[in-house]
Amino acid sequence: MVPLFSDLVGQPQAVSLLEAALSHQRVAPAYLFAGPDGVGRRLAALRFLEGVLQGGQEDRRERRRLEARNHPDLLWVEPSYSHQGRLIPRSEAEEAGVSKRTPPQLRLDQIREVSRFLARQPLESPRGLVVIEDPEAMAESAANALLKTLEEPGHGLLILLSAAPERLLTTIRSRCQQISFKRLDPGQMQTVLARLDGEQRAQAAAALELPELRALAAGSPGALLDHANYWEAVPDSLRDRLTVLPSKPAEALALARDVTEALSGEQQLWLISWWQHHLWYQQGQSQGLKRLERLRSHLLSFVQPRLAWEVTLLDLLTAGSS
């Protein structure tokens with residue numbers, strides 16, 4: 001029989017702990033899957049829930065239902081955008097035409113929905129199953145509501161997927177069994193990437209050739225593909241101009257205009273991270289990195305984007321000529 005976690009690469013400690021919980025039928029009420037994005041936390045959650053439903057065994061039918069998120073006893077919660085009076089999950093934002101100027105959040109109404117979901121009687125499984133992505137993206141009110149749910153989970157099972165567990169309330173962390181996930185080494189990265197389809201595999205191979213994308217991915221196959229998608233969304237006309245700092249004020253102002261017209265707020269925030277790595281590889285200096293970090297703060301604080309970029313680029317130009 002194929003092991004339940006056979007497709008989870010590079011996480012032997014996590015697999016060992018989860019397999020032990022299933023084999024001894026000692027599943028905790030709440031888990032915190034902590035580690036970088038894109039290294040298998042979501043896949044591990046799906047396989048663990050499959051094991052919970054099937055007594056630790058593999059079941060392809062349940063696997064398909066869980067992966068499609070259409071199991072009646074599964075609630076999958078992800079950060080959302082408030083758009084035209086509705087909460088739009090992050091995965092549906094682009095299709096819904098949501099502006100991504102600010103990062104999505106986990107909101108109080110979503111956590112209240114978790115409590116209501118766990119309070120009802122499960123239809124097929126012995127317990128209600130809840131997965132919450134990026135719980136660090138909660139406002140204080142939502143975090144307090146989640147804490148109350150964790151204090152009285154009933155017969156439910158909650159799995160929190162967090163890339164920044166240190167940002168969670170200590171009381172939330174203390175009520176979860178933590179399962180740690182690690183970055184993959186180069187060989188493990190290649191194993192995961194080799195399983196991709198032809199188009200994605202080619203995309204990943206091209207991304208690995210770029211030192212900035214390789215550094216941003218930092219041992220995460222999923223993150224590598226995400227960064228590759230962001231990079232491909234930057235128009236070619238902008239890529240060439242971003243590889244060197246503007247040399248004249250008019251160039252700086254034109255670049256600020258074109259960046260803010262061509263890229264969404266979310267893409268601009270990603271571009272800052274890419275440019276920080278690029279400047280470091282190109283110049284090995286930290287002053288530009290600090291200025292770009294200040295730009296990130298301004299964009300997140302609802303400063304007019306074009307003005308924020310103009311100030312930063314002129315500042316970088318002045319620093320480069322001094």
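Residues numbered from 1 in each chain as written. Predicted model: local features only at pLDDT ≥ 70, side-chain atom pairs only at ≥ 80, totals over all residues. Heavy atoms only, no water.

Chemist: Let's hear about the overall build of the protein: which residues, and what values?
Modeler: What the protein contains, in helices and strands, is 16 helices and seven strands. Taking 2.2 N^0.38 as the reference for a compact globule, 322 residues should give roughly 20 Å; the C-alpha atoms of the protein span a radius of gyration of 22 Å, in line with that estimate. Expressed as lengths along the three principal axes of its C-alpha atoms, the size of the protein is roughly 65 × 45 × 35 Å. Out of the 322 residues belonging to the protein, those deemed buried represent 48%. Within the protein, counting contacts between residues at least 6 apart in sequence, those at least 24 apart form 69% of the total. (Helix = DSSP H or I, 4+ residues; strand = E, 2+ residues; numbered from the N terminus. Rg over C-alpha atoms; globule rule 2.2 N^0.38 Å. Buried < 20%, exposed > 50% of the residue type's maximum accessible area, 1.4 Å probe, protein only. Contact = heavy atoms within 4.5 Å.)

Chemist: An account of the environment of Leu-8 is requested, with residue identities and associated values reported.
Modeler: Position of Leu-8 among the secondary structure elements: in the segment before α1 (12-23). Its relative accessible area of 9% is what places Leu-8 among the buried residues. Spatially, the C-alpha atoms of Leu-8 and Val-192 are 8.8 Å apart, while their sequence positions differ by 184 residues. Dropping the residues within four chain positions of it, Leu-8 is found in contact with Val-15, Val-39, Gly-40, Leu-43, Ala-44 and Phe-181.

Chemist: Lay out the side chain of His-227 in plain terms, naming residues and giving numbers.
Modeler: Examined against the element boundaries, His-227 turns out to sit in helix α11 (residues 221-233). Among the polar contacts made by the side chain of His-227, one reaches the side chain of Trp-270 at a distance of 2.8 Å. His-227 has contacts with Leu-213, Leu-216, Ala-217 and Trp-270, leaving out every residue within four places of it along the chain. (Polar contact = N/O pair within 3.5 Å; in protein donor to acceptor, adjacent residues only side chain to side chain.)

Chemist: Summarise the pattern of salt bridges; cite the residues concerned and give the values.
Modeler: For the coordinates displayed, the defined rule picks out 23 salt bridges. Arg-257 is the partner of Asp-258 in a salt bridge, and the nearest nitrogen-oxygen pair spans 2.9 Å. When salt bridges with common partners are traced through the structure, they connect Arg-42, Arg-69, Glu-78, Arg-90, Glu-133 and Asp-134 into a single cluster. (Salt bridge = Lys/Arg side-chain N within 4 Å of Asp/Glu carboxyl O.)

Chemist: Run through the packing of aromatic side chains, naming residues and quoting values.
Modeler: Scanning all chains against the criterion turns up six aromatic pairs. An angle of 75° between the planes, with centres 5.2 Å apart, marks the rings of Tyr-31 and Phe-48 as edge-to-face. With Tyr-31 in strand β1 (residues 30-34) and Phe-48 in helix α2 (residues 41-53), this pair connects stretches of sequence that are 17 residues apart. Grouping residues by exposure puts Tyr-31 and Phe-48 together as buried. When the ring of Trp-231 is compared with that of Trp-274, the centres are 4.9 Å apart and the planes differ by 25°; the resulting orientation is stacked. (Phe/Tyr/Trp six-rings, centres within 6.5 Å; stacked < 30°, edge-to-face > 60°.)

Chemist: Account for the sheet that holds strand β6 (residues 157-162), naming residues and giving values.
Modeler: Within a sheet, neighbouring strands are paired by backbone hydrogen bonds and run either parallel or antiparallel to one another. Spatially, β2-β5-β6-β1-β7 is the arrangement adopted by the five strands of the open sheet, whose pairing is parallel. Either end of the sheet is taken by a strand with one partner, and the two such strands are β2 (74-77) and β7 (177-180). On average, each strand axis in the sheet is inclined to that of its neighbour by 15°, with strand direction left out of account. Here β1 runs beside β6; their pairing, made up of five bridges, is parallel. Counterpart to Tyr-31 in the pairing with β6 is Ile-159. Sheet strands touched by α2: β1, β2, β5 (129-133) and β6. Its angle to β6, the strand with the most contacts, is close to 170°. (Pairing = 2+ DSSP bridges. Axes fitted to C-alpha atoms, helices over the stretch in contact; angles between N-to-C directions.)

Chemist: Just give me the short version of the side chain of Ser-220, but keep the residues and values in it.
Modeler: The topology assignment puts Ser-220 in the loop between α10 (211-217) and α11. Taking the relative accessible area as the measure of exposure, Ser-220 reaches 0% and is therefore buried. Polar contacts involving the side chain of Ser-220 include one to the main-chain amide nitrogen of Ala-223, which spans 3.0 Å. In this view, Ser-220 contacts Asp-37, Gly-38, Val-39 and Met-189; residues no more than four positions away in its chain are not counted.

Chemist: Can you explain the packing of α2 against helix α3 (residues 60-68)? Please cite residues and give values.
Modeler: For the pair α2 and α3, the least separation of the axes is 10 Å and the interaxial angle reads 135°. As far as their axial angle goes, α3 and α2 are oblique. Like other packed secondary-structure pairs, α2 and α3 cross with a definite hand, here right-handed. On α3, the residues touching Leu-46, Arg-47, Leu-49, Glu-50 and Leu-53 of α2 are Glu-62, Arg-63, Leu-66 and Glu-67. (Parallel < 35°, antiparallel > 145°, perpendicular 65-115°, else oblique. Left-handed = near helix turned anticlockwise from the far one by under 90°.)

Chemist: Run through the environment of Ser-180, naming residues and quoting values.
Modeler: Checked against the element boundaries, Ser-180 lands in strand β7. Looking at Ser-180, the relative accessible area reads 25%, which means it is partly exposed. Apart from residues lying up to four places away in sequence, Ser-180 is in contact with Gln-11, Ala-14 and Ala-34.

Chemist: Which residues make up the nonpolar core, and what values go with them?
Modeler: Formed by 38 residues in total, the largest nonpolar core has its most connected members in Trp-274, Trp-275 and Trp-309. In contact with Trp-275, other than residues within four places in its own chain, are Leu-242, Leu-245, Leu-255, Leu-292, Trp-309, Leu-313 and Leu-316. Counting residues in hydrophobic clusters, the runner-up holds 29 residues, among them Phe-5, Ala-21, Phe-33 and Ala-45. (Core = buried A, V, L, I, M, F, W, Y, C linked by side-chain atoms within 4.5 Å.)

Chemist: Outline helix α9 (residues 198-208), listing residues and values.
Modeler: The set of residues buried in α9 consists of Gln-203, Ala-204, Ala-207 and Leu-208. For α9, the angular spread of buried residues about the axis comes to 135°, placing them on one side. In the core, the buried residues of α9 are packed alongside α8 (186-194), α10 and α11. (Arc of directions from axis to C-beta.)

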